[in-house]
Structure formats: structure tokens, C-alpha cells
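Take a look at the letters that make up each chain.
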Amino acid sequence: MSSDPITWLIAGVEVATALGIGIFWVSWFARPHEEPWLPAGYHDHEAPFVYSDTVLAVVLVAGAFLQVTERSAGASLGLLAAGMLVFLGVLDFGYFARTGLFARERDGLLNAALVLSVLGVAVVLIVRFV
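Below, the structure is looked at part by part. (Residues numbered from 1 in each chain as written. Predicted model: local features only at pLDDT ≥ 70, side-chain atom pairs only at ≥ 80, totals over all residues. Heavy atoms only, no water.)

## Some points on the packing of helix H1 (residues 5-30) against helix H5 (residues 108-129)
Where H1 meets H5, the axes come as close as 11 Å, and the angle between the chain directions of the two elements is 150°. On the basis of the axis angle, H1 is roughly antiparallel to H5. Crossing of H1 over H5 shows left-handed handedness. Mapping the contact onto sequence places Ile6, Thr7, Ile10, Val13, Glu14, Thr17 and Phe24 in H1 and Leu114, Val121, Val124, Leu125, Arg128 and Phe129 in H5. Tallied by class, the residues present in the contact of H1 with H5 amount to nine nonpolar, two polar and two charged. (Axes fitted to C-alpha atoms, helices over the stretch in contact; angles between N-to-C directions. Helix = DSSP H or I, 4+ residues; strand = E, 2+ residues; numbered from the N terminus. Parallel < 35°, antiparallel > 145°, perpendicular 65-115°, else oblique. Left-handed = near helix turned anticlockwise from the far one by under 90°. Contact = heavy atoms within 4.5 Å. Nonpolar A, V, L, I, M, F, W, Y, C, P; charged D, E, K, R; others polar.)

## Examining the packing of helix H4 (residues 73-99) against H5
Packed helices, taken two at a time, are described by their axes: the angle between them and the distance between them. Where H4 meets H5, the axes come as close as 8 Å, and the angle between the chain directions of the two elements is 155°. Taken together, the axis directions place H4 and H5 in an arrangement best described as roughly antiparallel. Where H4 crosses over H5, the handedness of that crossing is left-handed. Here the contact of H4 with H5 is built from residues that sort into 18 nonpolar, three polar and one charged.

## A few points about unusual backbone geometry
Unusually for a residue other than glycine, His33 sits at a positive phi of about 55°. The residue Glu70 is not glycine, and still its phi comes out positive at about 60°. Structurally, Glu70 is set in the loop between helix H3 (49-68) and H4. Residue Glu70 is classed as exposed on the basis of its relative accessible area, which comes to 56%. (Buried < 20%, exposed > 50% of the residue type's maximum accessible area, 1.4 Å probe, protein only.)

## Side note on the environment of Thr99
Within the secondary structure layout, Thr99 lies in helix H4. For Thr99, a relative accessible area of 15% puts it in the buried group. Excluding residues within four positions of it along the chain, Thr99 makes contact with Pro39 and Arg106. A distance of 2.6 Å separates a polar atom in the side chain of Thr99 from the backbone oxygen of Tyr95. (Polar contact = N/O pair within 3.5 Å; in protein donor to acceptor, adjacent residues only side chain to side chain.)

## Observations regarding the environment of Ala57
Checked against the element boundaries, Ala57 lands in helix H3. In the structure, Ala57 is positioned 39 residues away from Ala18 in sequence and 4.4 Å away in space, judged by C-alpha atoms. Not counting residues up to four positions away in its chain, the partners in contact with Ala57 are Ala18 and Ile21.

## Digging into H4
The terminal C-alpha atoms of H4, which comprises 27 residues, lie 39 Å apart, in line with the 39 Å expected from a rise of 1.5 Å per residue. When we look at burial in H4, the residues that qualify are Gly74, Gly78, Ala81, Ala82, Leu85, Leu88, Gly89, Asp92, Tyr95, Phe96 and Thr99. Here the buried face of H4 lies against H1, helix H2 (42-46), H3 and H5. Where H4 ends, the next residue or the one after it, Gly100, has phi of about 75°, a positive value. (Expected span 1.5 Å × (residues − 1).)

So this is what it looks like as C-alpha cells:
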């Protein structure tokens, strides 16, 4: 096991992000998404991301475990997760910007926080493992 506190901190960020992804999807599927300002096809666009986000969450947790157990694959999985997070963040940014979902009256602050959080964790992982 690693005795490096930074390794444990990064692993904690990865696990917290994976938990956040799970909480997001449980709460997302619990809501009806019937707001009149939602773009046409919103549900059909968003719902399939649960699959890729589940893979991302597994990669984050596996990377965290491998890092704290001092296996070299932990860094590789950390970078893989970072790439997935960048893709997700850029895709969400583009979709939210194009469909007006950054407007305050359309959950814009929450949407901006999600995009910034996803990209922020990606940057942390890239800085740590490059």
C-alpha cells in the first residue's frame, strides 16, 4: 500500500467522482424531465450516456485501487479516465451551449458546475499522471 498522501488524495478524488457519477444517474432517472424548455430529444440524447459513464466510474475506481496498491497500471487507468472525462466535458459543454442549457432559468448553474467539475477532475488526473 502506498504511503504517499497525494496518491491517496488522487484516489479519493477518483472514487468520489465515480460516486458522483452514480448519484447523478440515479437522480437523473428519478426525474421526469418534462420541463417545457428542454430541447427536443433531450431524454433520448442523454439516457445512453449512462453506459459510458458506468464504464468511466469503473475505470476511476479500478485506477484508484491500483494506485494505492502501487501497481503501475493505476497511472494508465488514471489517464484513460482523464481522457474519458475530457470527452464527456467537451461534449456536454457543446450540447449545453448549443441548446441554451447554460441559461440560468434552464438549470444553467448546475450544468456549468457539472461541466467544470468533469473537466477539473480531468485536469487533476492529467497533471498527476503525465
